Amino acid sequence: MYVVKSPLSDADLKTVAEALQGALVDLVDLALAAKQIHWNVVGPRFRTVHLQLDEVVDTARVHSDTVAERASALGVSPDGRAATVAAGSGIGSVPGGWVKDSDAVAALVDGLGAVITRMRERVTETAEADPVSQDIFIGITADLEKHHWMFQAENA
C-alpha cells in the first residue's frame, strides 16, 4: 500500500527503496555496535576511544533518520526493527564483555569498512534511478570514511 505517491517509476522506486532500506539497516546496526563497544571499552586509550565511538553513534543516528525520512518521502515504509536489522546488516558481530581499546578500534575499522563498501554500492545503484538519494549516500559515505580514517590512525 502506498500512502505517499513517489515521482519515481516503479522500477526506479524498487532500486531506491532497496538501497535506502539497506542503508537504514546498516546505519542502525553501526550505531548499536559502536554504542555496545563504547560501554565496554577499557585500556590506556579508554577516554579517547570512548568519546570517538560516540561520534560514530551520533553520525549513524543522524544519517539513519535522513535515510528513513527519504524513504518515507518516496512512499516507502522504512523498517528499523531489531529483527530486520539483525537479519540484514552487513556488520559482523561485535565482541561481548570488556573490549581492549586496540580491539575496539579494530572492530570499528572493520564495521565501518563493511558499511562503507555497501554504501558505495548504493551510490552506484542509485545514480540513474534517483540522484537525490544518491546524493544522500555520497554524504553518508564521506562522513563514514572520515571516521574510518580516524579509527585506522588510532591503531597505526
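Treat the numbers as computed from the prediction; the structure is a model and nothing was measured.

Definitions and cut-offs
- Residues numbered from 1 in each chain as written.
- Predicted model: local features only at pLDDT ≥ 70, side-chain atom pairs only at ≥ 80, totals over all residues.
- Heavy atoms only, no water.
- Axes fitted to C-alpha atoms, helices over the stretch in contact; angles between N-to-C directions.
- Helix = DSSP H or I, 4+ residues; strand = E, 2+ residues; numbered from the N terminus.
- Parallel < 35°, antiparallel > 145°, perpendicular 65-115°, else oblique.
- Contact = heavy atoms within 4.5 Å.
- Nonpolar A, V, L, I, M, F, W, Y, C, P; charged D, E, K, R; others polar.
- UniProt positions renumbered as here; feature names shortened; annotations may be inferred.
- Left-handed = near helix turned anticlockwise from the far one by under 90°.
- pLDDT = per-residue confidence, 0-100.

A. Structural context of the packing of helix α2 (residues 46-73) against helix α5 (residues 131-154). At a minimum axis separation of 11 Å, α2 and α5 run at an interaxial angle of 170 degrees. Here α2 lies roughly antiparallel to α5, going by the angle between them. In this structure, α2 contributes T48, V49, Q52, L53, E55, V56, T59, H63, T66, V67 and R70 to the contact, and α5 contributes V132, S133, I136, G139, I140, D143, L144, H147, M150, F151 and E154. Among the residues making up the contact of α2 with α5, the classes are represented as ten nonpolar, eight polar and four charged.

B. Highlighting the UniProt feature "domain: Ferritin/DPS" (unreviewed entry) in the protein chain. UniProt records the feature "domain: Ferritin/DPS" (unreviewed entry) for residues 18-153 in the present numbering. The span residues 18-153 carries 78% helix and 3% strand; its end-to-end C-alpha distance comes to 33 Å.

C. Highlighting the packing of α2 against helix α4 (residues 101-125). It is at 10 Å that the axes of α2 and α4 come closest, and there the two elements cross at 20 degrees. Our classification of the angle between α2 and α4 gives roughly parallel. For the crossing formed where α2 meets α4, the hand is left-handed. Where α2 approaches α4, its residues F46, V49, L53 and V56 are matched on the opposing element by D101, A104, V105, L108 and L112. Residues belonging to the contact of α2 with α4 are distributed by class as follows: eight nonpolar, no polar and one charged.

D. A look at the side chain of S64. Here S64 is to be found in helix α2. Those residues in contact with S64 that sit more than four places away from it in its chain are L24, L27 and V28.

E. Geometry of the confidence of the model for the protein chain. Residues at a pLDDT of 70 or more form 99% of the protein chain, whose mean pLDDT is 96. No element of the protein chain has a lower mean pLDDT than helix α3 (residues 82-88), which averages 95, and none a higher one than strand β1 (residues 41-42), which averages 98.

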